[in-house]
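Structure at a glance
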Amino acid sequence: RGCVVVKNTFTINEMNEWNHWIQNEFQIQKQNDGFGKKKDHFSKDNLRIWHIPEKMMNPKPMIIKDQNKAEEENDDEKEEKEEEDPKKLLPQRLLVDFLTNNKMSSIIDGFLGQYHIGSLAVNEVIPNGKAQNTHTDYPPGFYNKIHIKNIFSQNHLENIMPYFSLQAGVAVTEFNKENGATEMIPFSHRIIDNDYNILPTPTTPINNDHEEKKTNKKMKTIANEGKGRPLSEIMEPFMITVISKLPKGSVIYFNRKLLHRGGENKTNKGRTAILLQAIMPFGVKMETVDHKVCMEGLDQWIHTSNTSSSTSVSSSAIENKMMSHDDDENKKQGINSDQYELLKYRFQGPSFPRDLDQSQVDEENS
C-alpha cells in the first residue's frame, strides 16, 4: 500500500517527555515571532518546529512546567525532592535515544542503507485545524511543475526517487480519525507522474528573468495539460485514514511518492507528530543540519553529565575514549564509541564532498 505501521517503537513516557519539550519550544516560538515563520508547507493551520537536532543538542531553558509533575506536587508537599535521574527530561537524551532506537534504525537502514537526517521536524495539527493539501514529499514535493520538468526525468522520478528517502511519522500524541490522523491513497506511489500531476498548475510565470521566455513557453504547455480535473480532485474519494487509532509511540513509515496528507483536526487538542525524513547515503538533505553544533552539544552534554557524576575527565580524554574501545565513561550516558560515530553520521551524512588535493591516499571514507 505504500506504508506500514509499527506500534510500540517508543514508550509512552518517552512521548510524554517529547511532548513536554515540544510545547515548551512552541512557547518560545510564540514569544519570538508568534508562530509566523514556522508554518507547514502544506497547510497554513499546522505548526512546525524545524532544526530539531541543533535545538535539542543545545536546549534552551524550560519555560513551562512539566504537567505530569505539576499534578503530583503541591506547594506544601515534597519539600525534600529526590535527586532527579540525569537521563530524565533532558532533550539531548531524548534525541540520542530517538536516533539510536534499534527498531526504527533497523527498518530504515534496511530499506535505504545507513540513513542520515534529511529533515527532523515536529508537525502539530492545531485544534480545529484543516487538512493539509494532498502531496508527495521532498524532493519533488517541494518543487513546482516547471521545476520538475526542468530537473527530473521520468525514469528518475519513477525508478530512483522512490528509494531516495523514507518518511517516518512518530505519534507523540494518539492519532485518530477525529484529530487529524495521517491520510493516504493506497498504492498511489505506483501512479505514473503523480509527483507532477498532484501539483497545482501555475498561473503566473516564475520570477526568473534569464529563463523568462523559456518559462512562458512551458507554462502554456502545462496550462493546456491542466485543463482536466486535478489529480487531487480525482483521487479524493480514495483517500483513507492510515489507521483509525494509532497509539503514542507508534511509527508510520511511508514511501515519499505516496499521495498523503495530515487530516483535519475536529477536536480541541493538538495532534502532534515527529517527522523524520531519512535520506539514503549520499542523498542531499532537505533541511540544513549543522552537524558541528550538534556534536559540540553532544560532547558538552556527555562531559557535563560525567563530571556531575563525580568523574573528573578532561574534554580531550572524553574525545579519546569516544574513539577507542574503552567506553566506561560514555556508558554512563548509555553511549559507546559505535553509537557516538553513528550519531555523527546521522547528523552529517557521508563526509563528501572533500578536498581530494589535501586528502591522503590511504584516508578512510568515514
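Residues numbered from 1 in each chain as written. Predicted model: local features only at pLDDT ≥ 70, side-chain atom pairs only at ≥ 80, totals over all residues. Heavy atoms only, no water.

**Examining the environment of K130**
- The topology assignment puts K130 in the loop between β4 (116-125) and α6 (145-151).
- Taking the C-alpha atoms as reference points, K130 and N46, 84 residues apart in sequence, are found 8.2 Å from one another. (Helix = DSSP H or I, 4+ residues; strand = E, 2+ residues; numbered from the N terminus.)

**A word on the pattern of salt bridges**
- Following the criterion strictly, the structure yields seven salt bridges and no others.
- Between K257 and E158 there is a salt bridge; the shortest N-O distance is 3.0 Å. Here E158 lies in helix α7 (residues 154-160) and K257 lies in the loop between β10 (251-255) and β11 (260-262), a separation of 99 residues in the sequence.
- Connected through shared salt-bridge partners, E183, E236 and R261 make up one network. (Salt bridge = Lys/Arg side-chain N within 4 Å of Asp/Glu carboxyl O.)

**Let's talk about the packing of aromatic side chains**
- Under the defined criterion, the tally for this structure stands at six aromatic pairs.
- Looking at K145, its charged tip hangs above the ring of Y196, at a distance of 4.9 Å from the centre.
- Seen from the ring of F175, R271 lies directly overhead, with NZ or CZ sitting 4.3 Å from the centre. (Phe/Tyr/Trp six-rings, centres within 6.5 Å; stacked < 30°, edge-to-face > 60°. Lys NZ or Arg CZ within 6 Å of the ring centre and 35° of its normal.)

**Topic: the sheet that holds strand β7 (residues 182-184)**
- Reading across from one edge, β8-β7-β11 is the order of the three strands in this open sheet, with antiparallel pairing throughout. The sheet is open, and its two borders are formed by β8 (240-241) and β11, each paired with just one other strand.
- For β7 and β11, the ladder comprises three bridges, and the chain directions are antiparallel. Bridge pairing links M184 to H260 in β11. (Pairing = 2+ DSSP bridges.)

**Points about the pairing of strand β5 (residues 165-171)**
- With seven of its seven residues buried, β5 lies for the most part within the structure.
- On β5, burial covers both faces: S165, Q167, G169 and A171 on one face and L166, A168 and V170 on the other are all buried.
- Bridging between β5 and β10 involves five bridges; their strand directions are antiparallel. Residue pairing for β10: V170 is matched across the bridge by V251. (Buried < 20%, exposed > 50% of the residue type's maximum accessible area, 1.4 Å probe, protein only.)

**Considering the side chain of D137**
- Relative to the elements of secondary structure, D137 occurs in the loop between β4 and α6.
- No salt bridge is formed by the buried D137, whose closest oppositely charged neighbour, R48, lies at an N-O distance of 6.9 Å.
- Within the local environment of D137, its side chain forms a polar contact with the side chain of H260, the two groups lying 3.3 Å apart. (Lys, Arg positive; Asp, Glu negative; His and termini not counted. Polar contact = N/O pair within 3.5 Å; in protein donor to acceptor, adjacent residues only side chain to side chain.)

**A few points about helix α4 (residues 91-99)**
- Counting buried positions over the nine residues of α4 gives eight, a clear majority of the element.
- Along α4, the residues classified as buried are P91, Q92, R93, L94, L95, V96, F98 and L99.

**Thoughts on unusual backbone geometry**
- Cis geometry marks the peptide bond from Y138 to P139, where omega comes out at 5°.
- When you line up the elements, P139 lands in the loop between β4 and α6.
- Positive phi, normally seen in glycine, also occurs at H51, with a value near 55°.
- Tracing the sequence through the fold places H51 in the loop between β3 (43-49) and α2 (52-57).
- Despite not being glycine, F282 shows a phi value in the positive range, around 75°.

**Structural notes on a nonpolar patch on the surface**
- Together, F142, Y143 and I151 give the surface a local cluster of nonpolar side chains, amounting to about 250 Å² of exposed area.
- The topology assignment puts F142 in the loop between β4 and α6. (Patch = residues over 30% accessible without salt bridge, like charges linked within 9 Å, V, L, I, M, F, W, Y side chains within 5 Å. Areas by Shrake-Rupley, 256 points an atom, 1.4 Å probe, with all protein chains shown as cover.)

**Re the nonpolar core**
- In this structure, W18, F98, I108, L276, L298 and F347 are the most contacted members of the largest nonpolar core, which totals 43 residues.
- With residues up to four places along the chain from it excluded, the contact list for F98 reads F10, W18, M104, L120, V170, I274 and L276.
- Within the second largest apolar cluster, 15 residues are counted, among which are L157, L231, M235 and I279. (Core = buried A, V, L, I, M, F, W, Y, C linked by side-chain atoms within 4.5 Å. Contact = heavy atoms within 4.5 Å.)

**Quick word on the confidence of the model for the protein**
- Summarising the model, the protein shows a mean pLDDT of 79, and 73% of its residues fall at 70 or more.
- Low pLDDT (under 50) marks residues 69-88, which in the prediction has 10 contacts with non-local residues, meaning those over four places away or in another chain.
- Note that pLDDT drops below 50 for residues 310-332; the model gives that stretch 33 contacts with residues more than four away or on any other chain. (pLDDT = per-residue confidence, 0-100.)

**Re the environment of P91**
- Looking at the secondary structure, you find P91 in helix α4.
- With a relative accessible area of 7%, P91 lands in the buried category.
- Sequence separation between P91 and W21 is 70 residues, and the spatial gap between their C-alpha atoms is 7.1 Å.
- When neighbours within four sequence positions are excluded, P91 is seen to be in contact with W21, M56 and P59.

**Brief notes about helix α5 (residues 102-112)**
- Among the residues of α5, those classed as buried are M104, S105, I108 and L112. All buried residues of α5 lie within an arc of 95° about the axis, which places them on one face of the element. Counted as exposed and oriented over 90 degrees from the buried face of α5: N102 and G110.
- Packed against the buried residues of α5 are α4, β5, β10, β12 (271-279) and α14 (337-348).
- Between the side-chain oxygen of the N-cap and the backbone nitrogen of K103 there are 3.1 Å, and the N-cap of α5 in question is N101.
- Positive phi shows up at G113, right after α5, with a value of about 90°. (Arc of directions from axis to C-beta.)

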